Amino acid sequence: GQQVMQIPQYQHVQEGEDFTTYCNSSTTLSNIQWYKQRPGGHPVFLIQLVKSGEVKKQKRLTFQFGEAKKNSSLHITATQTTDVGTYFCAGPPISSGSARQLTFGSGTQLTVLP
Amino acid sequence: DSGVTQTPKHLITATGQRVTLRCSPRSGDLSVYWYQQSLDQGLQFLIQYYNGEERAKGNILERFSAQQFPDLHSELNLSSLELGDSALYFCASSELRSTNEKLFFGSGTQLSVL
């Protein structure tokens, strides 16, 4: 079945440093979504990318979808303590038809040291 | 507030018991998903319902079952509970009217099996 891997699993950064998490799927995705889960909270949708090679920005966050639609990245510039949490990528395989099962990556847990 | 309501928030029970987790989706959402999140684990997809019908099945154990009722709320039934079933169970909902399957998560039910 489809597997979605994320690296790194954990990342500690000093406040103000940049952070990047990478997401790789074993199958081609119809789209890629990113979610953030704060400690003790629930996943919250951040963004969706649909087109091959698409890049989207949200303030200090930059999201990229690979040309082959099998990988993605999230880059945070100048991290702040409010960025703390686990970042998940998720995507339905392009071949899943109407089922559109959303498989989540393993997540990257970001800790920002003040 | 995502608009997705899950009850109860916490559940403590013993091995061998049966519990029912409840989820009310956002107003207008026809699709409900159940995910399991164990300690330091990602989000494991269990099952999806759309407008009362099972749409997709993930790694759901035979001891687990779910259903979606005419009013679109959903219940996840866990029986013959084992210690390893202790986890955070999330319900999520989406419109599923287009290729955009953005999920809205509830705050989860923390299940502790003692």
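Residues take numbers from 1 onward in each chain, read along the sequence in its written order. Just so you know, chain letters begin at A and ligand numbers begin at 1, following the order they were written in. Side-chain atom pairs in this predicted model are given and counted only at pLDDT of 80 or more, local residue features only at pLDDT of at least 70, and totals for whole chains, interfaces and linings cover all residues. The side-chain figures draw on all heavy atoms in the structure; neither hydrogens nor water molecules are used.

Engineer: Pulling in residues and values, what's your account of the overall build of chain B?
Structural biologist: For helices the rule is a DSSP run of H or I covering at least 4 residues; for strands it is a run of E covering at least 2, with both sets numbered from the N terminus onward. Counting secondary structure elements, chain B contains 0 helices and 11 strands. When the helices and strands of chain B are placed in sequence order, the string is β-β-β-β-β-β-β-β-β-β-β. Over its C-alpha atoms chain B spans a radius of gyration of 13 Å, differing by no more than 12% from the 13 Å that the globule rule assigns to 114 residues. Seen along its three principal axes, the alpha-carbon backbone of chain B occupies a region of about 40 × 25 × 25 Å. Partly exposed describes any residue whose relative accessible area lies between the buried limit of under 20% and the exposed limit of over 50%, with all areas from a 1.4 Å probe on protein chains only and scaled to the type maximum. The buried share among the 114 residues of chain B stands at 51%. Here the globule rule reads 2.2 Å times residues to the power 0.38, and the radius of gyration is calculated from C-alpha atoms.

Engineer: Give me the state of the cysteines: which residues, what numbers.
Structural biologist: Cysteine sulfur atoms are paired as a disulfide whenever they fall within 2.5 Å. Inspection of the entire model under this criterion finds 2 disulfides over all chains. Residue Cys 23 of chain A pairs covalently with Cys 89 of chain A via a disulfide, S to S 2.0 Å. Here the disulfide of Cys 23 of chain A and Cys 89 of chain A is right-handed, its torsion about the S-S bond being about 80 degrees. Note that Cys 23 of chain A is positioned in strand 3 (residues 19-25) and Cys 89 of chain A in strand 9 (residues 85-91), a separation of 66 residues in sequence. Judged by relative accessible area, which is 1%, Cys 23 of chain A ranks as buried. Here Cys 23 of chain B engages in a disulfide with Cys 91 of chain B; their sulfurs sit 1.8 Å apart. Classification of the bridge connecting Cys 23 of chain B and Cys 91 of chain B rests on its S-S torsion, roughly -50 degrees, and on that basis the disulfide is left-handed. With Cys 23 of chain B in strand 3 (residues 19-24) and Cys 91 of chain B in strand 9 (residues 87-94), the pair connects residues that are 68 residues apart, well separated along the chain. By relative accessible area, Cys 23 of chain B is classed as buried at 0%.

Engineer: So what's going on with the environment of Tyr 35 of chain A? Residues and values would help.
Structural biologist: Residues and elements named next belong to chain A. Residue position: Tyr 35 is located in strand 4 (residues 32-37). Given the relative accessible area of 0%, Tyr 35 is considered buried. Taking the C-alpha atoms as reference, Tyr 35 lies 6.3 Å from Cys 89; in sequence the two are 54 residues apart. For this analysis, a polar contact is any N or O atom pair within 3.5 Å, provided that within protein one partner can donate a hydrogen and the other can accept it, and provided that sequence-adjacent residues contribute only side-chain to side-chain pairs. Looking at Tyr 35, its side chain comes within polar contact range of the side chain of Gln 33, at 2.5 Å.

Engineer: Can you lay out the side chain of Ser 94 of chain B for me, pointing to particular residues and giving the numbers?
Structural biologist: All names here are of chain B. Position of Ser 94 relative to the elements: it lies in strand 9. Here Ser 94 falls in the buried class, since its relative accessible area comes to 0%. Note on contacts: a residue pair qualifies if any of its non-hydrogen atoms lie within 4.5 Å across the two residues. Non-local contacts of Ser 94, meaning those with residues more than four positions away in its chain, are made with Asp 29, Leu 30, Ser 31, Tyr 33, Glu 101, Lys 102 and Leu 103.

Engineer: Which residues make up the nonpolar core, and what values do they have?
Structural biologist: Residues enter a nonpolar core if they are buried and are Ala, Val, Leu, Ile, Met, Phe, Trp, Tyr or Cys, with the set joined through side-chain atoms within 4.5 Å. If you look at the biggest cluster of nonpolar residues, it comprises 21 residues, and the most contacted ones within it are Val 19, Leu 21, Trp 34, Leu 76, Leu 78, Tyr 89 and Leu 111 of chain B. If you list the elements that add at least two residues to this core, you get strand 3, strand 4 (31-37), strand 5 (43-50), strand 7 (64-68), strand 8 (74-78), strand 9 and strand 11 (109-113) of chain B. Sequence-distant contacts of Tyr 89 of chain B, that is, excluding residues within four places in its chain, are made with Gln 6, Leu 21, Tyr 35, Gln 36, Leu 46, Phe 64, Leu 76, Leu 78, Gly 108, Thr 109 and Leu 111 of chain B. Counting residues in each nonpolar core, the second largest holds 19 residues, with Val 13, Leu 29, Leu 74 and Ile 76 of chain A among its members.

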